[in-house]
Structure formats: structure tokens, C-alpha cells
Amino acid sequence: MSGIKTSTGLISGIDTGALIDALINAERAPARRLESRLQNVQAVQTGIGALQAQLLSLSTVVSPLKDYRSFNKLTVSNTDTSQLTVSTRSTSLAGNYQFQAVRLASTHRAISRGFANADTQQIGTAGKLVISRENQLDRPVRLELLNGAQGVRRGTIRITDRSGESASIDLSAAANVDDVVWAINLADIGVKARVVDGHFVVEDTTGQTTNNLIISDVNGGHAAADLGIAQSVAGNTLTGSDVFTVTGDFTLSQLNDGGGLRNITGSPELSATLQDGTVLTFDFDGDASLNDVLSTINDHTDNAGKLTASLANGRLVLTDNTTGSGTFSVANLNNSNATDVLGLESTPSGNVLTGQRLIGGANSVLLRNLRGGQGISQLGEVTLTDRTGTTATIDLSSAETLDDVIEAINSAESSGSVKLQLSAELNANGNGITITDTSGSTASHLIIADVGGGTLADELGIAVDSDTNSINSGSIGLQTVNAATLLSTYSPKGGSVSTGSFRITDSAGNQAVINVTSAVKTVGDVIDAINNATGINVTARLNDTGDGIALVDDAAGSGTLTVEEAGGRTAADLRLLGSGTVGSSGNQEIISRKALVVDVEATDTLNTITSKLNLIGGTVRANVVNTGALVNGYRLTFASTISGDAGRFVVDDGGIGLNVTTQDVGRDALLRVGGNAETGFLIAGSSNTFSNTVGFLDITLNSVSDVPASVSTTLDKSAVTSTLQAFVTAYNSYVDLSNGLTKYDTTTSTRSALQGVATPTIILNRFNTLVNTLFATSDKSIRSLSDVGVRLTTNGKLTFDSERLSDALDSAPQEVQDLFSASNTGFGALFDKALNSYNDQYDGSLTAQYDALQSNVDELTARIASIDDRLTTRRTILETQFANLESTLSGLQSQQTALTGLSNVLSNLKSSSSSS
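Residues numbered from 1 in each chain as written. Predicted model: local features only at pLDDT ≥ 70, side-chain atom pairs only at ≥ 80, totals over all residues. Heavy atoms only, no water.

**Student:** Lay out the overall build of the chain in plain terms, naming residues and giving numbers.
**Tutor:** Along the chain, the regular secondary structure elements total 18 helices and 49 strands. For the chain, the C-alpha radius of gyration of 47 Å lies well beyond 29 Å, the compact-globule estimate for 916 residues. Across its three principal directions, the C-alpha atoms of the chain cover 185 × 80 × 80 Å. A buried classification covers 44% of the 916 residues belonging to the chain. When contacts within the chain are restricted to residue pairs at least 6 apart in sequence, those whose partners lie at least 24 apart make up 63%. When the accessible surface of the chain is totalled, it reaches about 41,700 Å², and 48% of it is carbon and sulfur. Across the chain, the mean location of the 59 positive side-chain charges is 13 Å away from that of the 93 negative side-chain charges. (Helix = DSSP H or I, 4+ residues; strand = E, 2+ residues; numbered from the N terminus. Rg over C-alpha atoms; globule rule 2.2 N^0.38 Å. Buried < 20%, exposed > 50% of the residue type's maximum accessible area, 1.4 Å probe, protein only. Contact = heavy atoms within 4.5 Å. Areas by Shrake-Rupley, 256 points an atom, 1.4 Å probe, with all protein chains shown as cover. Lys, Arg positive; Asp, Glu negative; His and termini not counted. Charge placed at Lys NZ, Arg CZ, Asp CG, Glu CD.)

Here it is, written out as C-alpha cells:
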């Protein structure tokens, strides 16, 4: 018989699978209603998400509107890009400029004599190779410091020597007093110039008397007058007027040959004990100039006129206005160097202390800073004998500068008023002096000797009694490191000393760890930290060569004085890392020198010396070059890693025979600002790039030119236009999106996702209000967006008139900038605030709405899933029930079939029986 169809068959002709589907479908009606609600919620959420995305795009273009830099971008016009490149920054100013590349920066280089090869020929002599970067004795001041810091109006001067020959000398590119001297000395006439103290001296060398020695300005210029040399003299020497004197405006870093004042933060540096017993202490923290120092002393709250400080003839003068039986004196406090830097080492005369000179002059150094800061032990008289036998005695007991010594030698005369034929000048290395006999005679030895108890000739290395025509002092050790030397430039590579710690072990085995933190700023701070350390018997001080630190072991133990790192590379940066050796004191010493010092063995070659020097890792690198010469073609070259004046160095080979000479002098780049040499000014820089110059422009020099480049920087209106156009476009895109999401299509009776949702309308209304807001007072010409060409149309979109913006930028660029980028009150800030109120990821209203909709989506999804889970279980139950029913019916069908078969058998048996 036919039956019901289940998942495996039929039961009474019924399809059980379809029946189960129908039952489940009927029971799923609530889930379908929930799915309809979910679809609607997701549509709204999608719409809100679309609004958020568009507002994010709008935020991106609004951000530049609140940035003032968007409204002051400049475009650069440059008539000579081959000479220099000009770029702007956010602070650059619009304007017209003239710039001239006067000189490109150069790197200092030196070269040795030639050798046969680099790897096998030995130097042959042991010694020390010392490379110093800061001990040159020629320290020319810039022309801007002359004439009370009024400077010099550069131009062309004319010099006529006494033979009548003239030369025009262009000083338009002169940056310092040395440049003036060089320019004059290179002229093809018989004169020689030099700087003495604070003035120029020009000597006629022709030996003729036909003409006066005349220096004058050309074409109405003022250079000669400003240099103090616009004169006509009947003699052979033209002595200019003083053009360089110390003023109260001098910075403390300019004093004492650049050896600064060590400030002890929070503590006084100087004390003054007055005749009435009053003790005043002075704290120079924050003082930058001599005027500041004078004010600190004179305006001290406890002074009240007892002590008066003044500046006279390049010296500080302290006057004790009290009376009493005490002695007037001054002293350093807290390991300061104030008396040295301020020249107050002098002994008062009664109630007045007249200090020593504060500076060495326009191009000289103070004697007290020579010999590593030891100065001259005893000034006095010196006898000079040239090779003709003419003798003179010069009195140097009052000498304070190296110029004083050189000038005294050059002007020395015998008792019979015969001028000695000796010429004194700085040596070729610039770190000492050379005295040369110019007579050509050999009748006498060249003799220079101290008289009485004087020590100057001996200590300067110029004492001589020999059959020679000259004497070279060698390096006379200008002090370049003192207690105020900053650690920020002290490391071997010229950078800052690393913070960290190092361990000192004295010869008795005692140890102390020295911590160098960011609060340790000077060499003096390091010395104090070592000397204050407990547990070791070691003394730290400035070294004898004036270019570093010396550690002296006082423990008298059998061990070795050592310094090792305890964290970082501080000891290496301080050049203290290593073990001590017995020094001049008889104790073990570790000597740190800022100079690069290479110990050269007699067996060293050019290659090994190169390796030793480069291993130090300083600011001078060595290399071996093969010049290609057939004989001795290999030379050792030295090059500074720092360009410009700061990279200059001197190589002292200590007599090992390298015979190093200068190849190229490190010179600063020079940029002239202004088209006229007289009225313009020069800026010097160690590289060819000048940052933040006039008008806050960045300039890179490409090549030297005799003609200035004209540079014009104007407001880049196209950039402003693009910024505003981007906003208008993004705004209108938002309006289109908002309208599309809220419309109702009457033709198809279709509602958009956000039709009936108030949020898009609220946002647009707020935006419209901001667009129509007045942002400035009535006295301003630019008050609203319409004043810069941005207007609302009837459809809620913006239109943009770029011509009107251009006119506004021409007439009131600052007002346009303020309209958009005024902090907190400009359109950019307010619009951005509005955007954040909707789109902020934490408390934006759209963010909250989106998150709430997501919660609704999650809830509906969970409810639907719950129903579906229940119906899945229901389906399983129904399928099981129908399967069981089918099994039961199948069994009945089997029984029915068996009965039918039995019935047939019985019927057949019955039939057979009847037949028989």
C-alpha cells in the first residue's frame, strides 16, 4: 500500500520533510519579524556610519583651516638659483631680499712630507703626534664688534705707498680683522699691515720718501674711516685709531680668550672683603654680559654703595668706599674661576683694585693664559741681539698680551736709537711665535735672553744664543680648557660627554664610582665630583697643557691607578679611561687631553700612524695618499670632520719628522644680506646652509658670486585657495550624502536609511550657523566666510569665489588668517569642535548613536539566533518522531505481508484438499 513520505520515505502519501519544514516555518514567524527589525536598524546604522566617514573626511580638510601655517605659505622667486637656494618655513615672512654668496665653507686639511711607501718605511723617531683644534693664537674679531659693536661699512679703500704706487683694495668680503690684513698685504704695493691691540698698523716697506703713506676711501665709501686708517702720514708707519675696545655689552664668553666664567648654580662665585670688615658675596647666575656683572656687584642688596664696580680701559675697577683697618681683597668662592676670568687677580692699591686686561685685543691672547694657563712666572726685561751685533733691552714687566711682546721686539732699538733688524710674528702653525733676523749678517749669534729674574724668554721658548737666523717657540700652550668648559662639546668627536659612571681605583686599591648625570655640565663639575669622592686618595685638576683633566694618585700604594667604565662610555668621552703612569709629580697620573695625542714608535709606518689616529675617533681623520710622484710619493693627510673656522687644527709632530704643512684652511661660509656691501651685513656659518636667517628664510650657498641674487617671497595664494576649495568640496559632499540618506522617493514610495532621523538635519543646521557666523568685530574688513568668497546656497551647499579670496589675501592677509586659524575663536577651531562633538571616538554623539544601534543589532541578532537554536532542536525532535512512526508503520506493513502470505498458503491448502 502507499504510505506517508518521511525523510526516508512515505507515510500514507505524506512528505514528512515538507511537513517538518512547514511546521518549523510557522514557528519561526517571530524570528522573521525580528529580522525585519534588524534590517531596519542595520540600515540606520549604515547611514550613521556613512555620516561618520564623511565627517571624518571633512575633519581632514578642516584641520589645515585652523593651522595658521596654511595661510602664510610662501612662494619663492630667486634670480640666481645657481648661486644660492632659498626655502621657507612656517614662520618665514613675505618680502623682497638680496643675498650674496661671498664665500663657501671649506674644510681644514694638512699633509705630511713624502715617504717611499706607506707600509714598510719606518718613521725612525719616537715621539708624540699632537693635533690641537683650539690653541691657535690668532683669534681675529669680527668687524661687527669694532667701533663699539657698530661695525664697519665695508667697501673699497685705496692705499698709496711712499713711492707713489697705489692699489685699490676691495674689503667688501672682509669678515674679520685678519681678512682686512690679508687683503692689504696681498696688494701689489710696498706696504704691510698688522693688528696691534685694538687698532691697525700699516708699514711702508718701499724705503722711499717720495710720497706720503696715504689710505683713503673710494667712491664716497667709509671702510677706511671705520677701520681707523683713513690717514695721510709723512712717516713709514700709519697707526690707526683704536676701533676695538671692551664695552659693557661684551658677553662673558668673550672674555679671557674665550675661557668662560664657571657659574656655581645657587651659590656665589666671588667674595669681596672691605676695609670696614664687610664681606660681600656675589652670585653671577644668569649674568651674560659685563654690564650684568657690574649690576650684580653695584646693586647687591647689602652693598649700599660700599663697593663700586666700573669698567675702564678694558679692565674692571673695584673701589672700596669704606674706611677701616681691614684690607680690601677679593677671592673666588665654591671653586669658581671668577677672579681669573674677570681679571681680578691684581693686588689692590689702597682702596682701588684695577683689574687685568679682560681681552687680548682684536687679534691676540693674554699672557696669563699661555703655558696651559700657568702664564709667565716672572715678567721682566729681555735682551735682544740681532746678527749684526746690535743689542737692545726691552722692558716687558707690564706686558699683558702676546701682542705686547711681539710689538716690543719689532720696535726694539739700541741705546743709540738703532732699530734692531728682528721681525717677530706668529709661527706658521699659529700656536707660537717666530723671531727672524732680517739683516743677512752673520757677525753675531742671534741672542735672546732674560735679564735678572725674568722668565718670559725662557718660558715662551724664544731664549736663544746660536748661529741661526731665527727661533721658533713651538706651541706656547694657550689654555683651551678651564673649569667652565662645557661637557656638551668635550667628547672626542666634538659632541656631548655621555652620562654614566666610571670607577677610579687608586694605587692602594681603594675605589670610588663617579656618577656623571645631566646635572654635571662642566669640566669643573667633573673635577669637583672626583675630589669630593670618598674612599680614594686621588686629586683631580686641570692638566699642565691647559687642554684637559689630570688625575694624580696620592695613595702611594703598590698598585696601579686605573679608570674603568662602570656604566656607559663616560670615561672614554672624558679621555680618562686607562691606567696611570708616573708623571712629572713623581706620582702616577692619568692625563686627559682634548687634543688628539698619538704615541708614535720609531718602527711605525704611515699606515700604522693612520690606524692609531683614526682609532681615537676624534674630529680629525687621517689617510695615506699616493701622489704619483716618482720619489717619496706617499703622504699622510689630515682632514677635519668639522667644516669652517671651528674645524681648524694644528699638527705638532713633536720632532718625529712628518713636517706637516697646511693644505687648505678651514673657513666659514659667508652670506651677505643686502645688495650693498656698505649697508649690508655678513653672516658667517660653519656650513653652506644658513637656517632661520633674515625673514626666517633657510638659505644654502651653491657657488660664490660677485652679484647678489634678488629673492622675493610672496604669499602662496594658490595653496590657500586649494585648502579652502578642499573644504568646500568636502562640505558639499557631506550635504549630498546627508540629503541622500534622508530623502523619500515619492515615485517608488521608498524611504532612505535615515529618512525621519533628526540627526543629519541637526548637524547641517549647526554647520550652516557656523558658515554664516561673524568672526570679527565691525572694524575688520574680513569678518565672515562670505568675505573670502564662501557662501551658502539655497540647497544648503557652499559656493566658492576664488577671486574674492585672492582680493582678501591682497588687502588683509592677516585678517584672513585670523578668520580661520585664530585659536579657539577662528572658523577652523569652531568647526573642528563641532565635528568632534559628533565624531569623537569617546563622547561624540554620532559615535554614541552608532554604538547604541550596534547594541540593538547585537540584541536582535542574539534573539534571532536563540529562536533558530530552539527551532533546530524542534526540527531534530520532529524528525526523530516521524522516523519512529515510519519504523512502526514499516513493522505493521511487514506483519500484514506475513499474514497475507499465510492466508495464501492456507487458501492453497484448502484448495488442494477440496480437489482431492
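**Student:** Now, about the pairing of strand β8 (residues 156–160): what can you tell me, with residues and values included?
**Tutor:** Relative to strand β9 (residues 166–170), β8 is paired through 5 bridges, and the arrangement is antiparallel. Within β9, the position partnered with T160 by the bridge is S166. Turn length for the β8-β9 hairpin, with the two strands adjacent in sequence and antiparallel, is 5 residues, and the turn residue G164 shows positive phi of about 100 degrees. Sheet topology note: the β8/strand β12 (residues 213–217) ladder contains 4 bridges and is antiparallel. Each bridged residue has a counterpart across the sheet, and for I157 the counterpart in β12 is D217. (Pairing = 2+ DSSP bridges.)

**Student:** Account for the sheet that holds strand β25 (residues 446–450), naming residues and giving values.
**Tutor:** Taken in spatial order, the 4 strands line up as β22-β21-β25-β26 in an open sheet, and their pairing is antiparallel. Single-partner strands in this sheet number two, and they are β22 (391–395) and β26 (464–466). Averaged over all pairs of adjacent strands, the angle between strand axes in this sheet comes to 20 degrees, irrespective of strand direction. Bridging between strand β21 (residues 381–385) and β22 involves 5 bridges; their strand directions are antiparallel. By the bridge assignment, L384 is partnered in β22 with A392. (Axes fitted to C-alpha atoms, helices over the stretch in contact; angles between N-to-C directions.)

**Student:** Can you lay out the packing of aromatic side chains for me, pointing to particular residues and giving the numbers?
**Tutor:** Aromatic rings in a pair are described by how distant their centres are and how their planes are angled relative to each other. One pass over the full model with this rule turns up 14 aromatic pairs. Ring centres of Y731 and F831 lie 6.3 Å apart, and the angle between their planes is 55 degrees; on these two criteria the pair is classed as tilted. On the criterion of sequence distance, the pair formed by Y731 in helix α13 (residues 717–742) and F831 in helix α17 (residues 827–839) is long-range, its members being 100 residues apart. Just as Y731 is buried, F831 falls in that class too. Within the aromatic cluster, the residues linked to one another by ring pairs are F71, F727, Y731, Y734, F767, F775, F820, F827, F831 and Y838. For the cation-ring pair, R113 lies above F115, with the distance from its terminal atom to the ring centre recorded as 4.0 Å. The ring of Y490 is capped by R575, whose NZ or CZ atom sits 5.1 Å from the centre of that ring. (Phe/Tyr/Trp six-rings, centres within 6.5 Å; stacked < 30°, edge-to-face > 60°. Lys NZ or Arg CZ within 6 Å of the ring centre and 35° of its normal.)

**Student:** Provide a residue-level description of the sheet that holds strand β6 (residues 107–111), including the pertinent values.
**Tutor:** Read from one edge of the open sheet, 4 strands run β37-β38-β6-β40, paired in antiparallel fashion. The open sheet has two edge strands with one neighbour each: β37 (620–626) and β40 (661–664). The average angle at which neighbouring strand axes cross in this sheet is 30 degrees, direction not considered. Judged from the 3 bridges that link them, β6 and β40 form a sheet pairing that is antiparallel. In the strand pairing of β40, I111 is matched with T661. Here helix α12 (residues 606–616) sits on the sheet and contacts β37 and β38 (634–643); the angle it forms with β37, its principal contact strand, is near 160 degrees.

**Student:** Mind laying out the nonpolar core, listing which residues take part and the relevant values?
**Tutor:** Counting 60 residues, the largest nonpolar core has L146 and F200 as the members making the most contacts within it. Contacts of L146, omitting those with residues within four sequence positions, involve V141, G151, V152, V177, F200, L227, V243 and F244. V788, V790, I864 and I867 belong to the second largest nonpolar core, which has 58 residues in total. (Core = buried A, V, L, I, M, F, W, Y, C linked by side-chain atoms within 4.5 Å.)

**Student:** Now, about the layout of surface pockets: what can you tell me, with residues and values included?
**Tutor:** When its volume is computed, the second largest pocket comes out at roughly 600 Å³. With 4 residues, the single largest contributor to the lining of the second largest pocket is strand β36 (residues 596–600). Its residues assigned to classes, the lining of the second largest pocket shows 9 nonpolar, 1 polar and 5 charged. (1 Å grid on protein atoms, 1.4 Å probe; cavity = no way out; pocket = protein on both sides within 12 Å on 5 of 7 lines; lining within 4 Å. Points joined across faces, edges and corners; volume = space filled by probe spheres on them. Nonpolar A, V, L, I, M, F, W, Y, C, P; charged D, E, K, R; others polar.)

**Student:** Provide a residue-level description of a nonpolar patch on the surface, including the pertinent values.
**Tutor:** A contiguous nonpolar surface patch, about 420 Å² in accessible area, is contributed by L899, L902, L906 and L909. Positionally, L906 belongs in helix α18 (residues 845–915). Taking the relative accessible area as the measure of exposure, L906 reaches 51% and is therefore exposed. (Patch = residues over 30% accessible without salt bridge, like charges linked within 9 Å, V, L, I, M, F, W, Y side chains within 5 Å. Salt bridge = Lys/Arg side-chain N within 4 Å of Asp/Glu carboxyl O.)

**Student:** Please give an account of the environment of R593 that cites residues and values.
**Tutor:** Along the polypeptide, R593 turns up in the loop between β35 (588–591) and β36. Accessibility expressed as a relative area gives 22% for R593, which makes it partly exposed. Along the sequence, R593 and N469 sit 124 residues apart, while their C-alpha atoms lie 34 Å from each other. Leaving out residues up to four positions away in the same chain, R593 has contacts with V130, N543, T545, D547, G548 and R575. Of the polar contacts made by the side chain of R593, one reaches the side chain of D547; its length is 2.9 Å. (Polar contact = N/O pair within 3.5 Å; in protein donor to acceptor, adjacent residues only side chain to side chain.)

**Student:** Can you tell me about unusual backbone geometry, naming the residues and giving the values?
**Tutor:** Only a minority of non-glycine residues have a phi that is not negative, and only a minority of peptide bonds are not trans. Positive phi, normally seen in glycine, also occurs at A304, with a value near 55 degrees. Mapped onto the elements, A304 comes out in the loop between α6 (290–298) and β17 (307–312). Accessibility expressed as a relative area gives 72% for A304, which makes it exposed. Although it is not a glycine, N632 adopts a positive phi angle of roughly 50 degrees. Looking at the secondary structure, you find N632 in the loop between β37 and β38.

**Student:** An account of the packing of helix α14 (residues 759–771) against α17 is requested, with residue identities and associated values reported.
**Tutor:** It is the contact of α14 with α17, at a shortest axis distance of 10 Å, that shows an interaxial angle of 170 degrees. The angle between α14 and α17 places the two elements in the roughly antiparallel class. Seen from α14, the contacting residues are I762, I763, R766, F767, L770 and V771; seen from α17, they are F827, L830, F831, A834, L835, S837 and Y838. When the residues that make up the contact of α14 with α17 are grouped by side-chain class, the tally is 11 nonpolar, 1 polar and 1 charged. (Parallel < 35°, antiparallel > 145°, perpendicular 65-115°, else oblique.)

**Student:** An account of the pattern of salt bridges is needed here, citing residue identities and associated values.
**Tutor:** The tally for this structure, following the rule as stated, stands at 32 salt bridges. For the salt bridge of R28 with D868, the shortest nitrogen-to-oxygen distance reads 2.7 Å. Note that R28 is positioned in the loop between α1 (16–27) and α2 (29–62) and D868 in helix α18, a separation of 840 residues in sequence. For R28, a relative accessible area of 16% corresponds to the buried category. Judged by its relative accessible area of 25%, D868 is partly exposed.

**Student:** Help me get a handle on helix α15 (residues 802–811), residues and values and all.
**Tutor:** Restricting attention to buried positions, one finds in α15 the residues L805, S806, A808 and L809. End-on, the buried residues of α15 take up no more than an arc of 165 degrees, which puts them together on one face. Exposed side of α15, more than 90 degrees from the buried face: E803, D810 and S811 are the residues found there. The inward-facing, buried residues of α15 abut β45 (709–715), α13, β49 (798–800) and α16 (813–821). A distance of 3.1 Å separates the backbone nitrogen of E803 from a side-chain oxygen at the start of α15, and that oxygen is part of D801. (Arc of directions from axis to C-beta.)

**Student:** Describe in detail the confidence of the model for the chain, supporting the description with residues and values.
**Tutor:** Close reading of the predicted structure is inappropriate where its pLDDT is low. Scored by pLDDT, the chain comes out at a mean of 92, with 98% of its residues at no less than 70. Confidence, expressed as mean pLDDT per element, reaches its minimum in the chain at strand β1 (residues 4–5) with 39 and its maximum at strand β44 (residues 698–701) with 98. Scored below 50 in pLDDT, residues 1–10 makes 33 contacts in the model with residues more than four places away or belonging to other chains. (pLDDT = per-residue confidence, 0-100.)

**Student:** Residue-level account of the side chain of N614, with values.
**Tutor:** Here N614 is to be found in helix α12. One polar contact links the side chain of N614 to the main-chain amide nitrogen of A622, over a distance of 2.9 Å. With sequence-adjacent residues up to four places away left out, N614 is seen in contact with R621 and A622.

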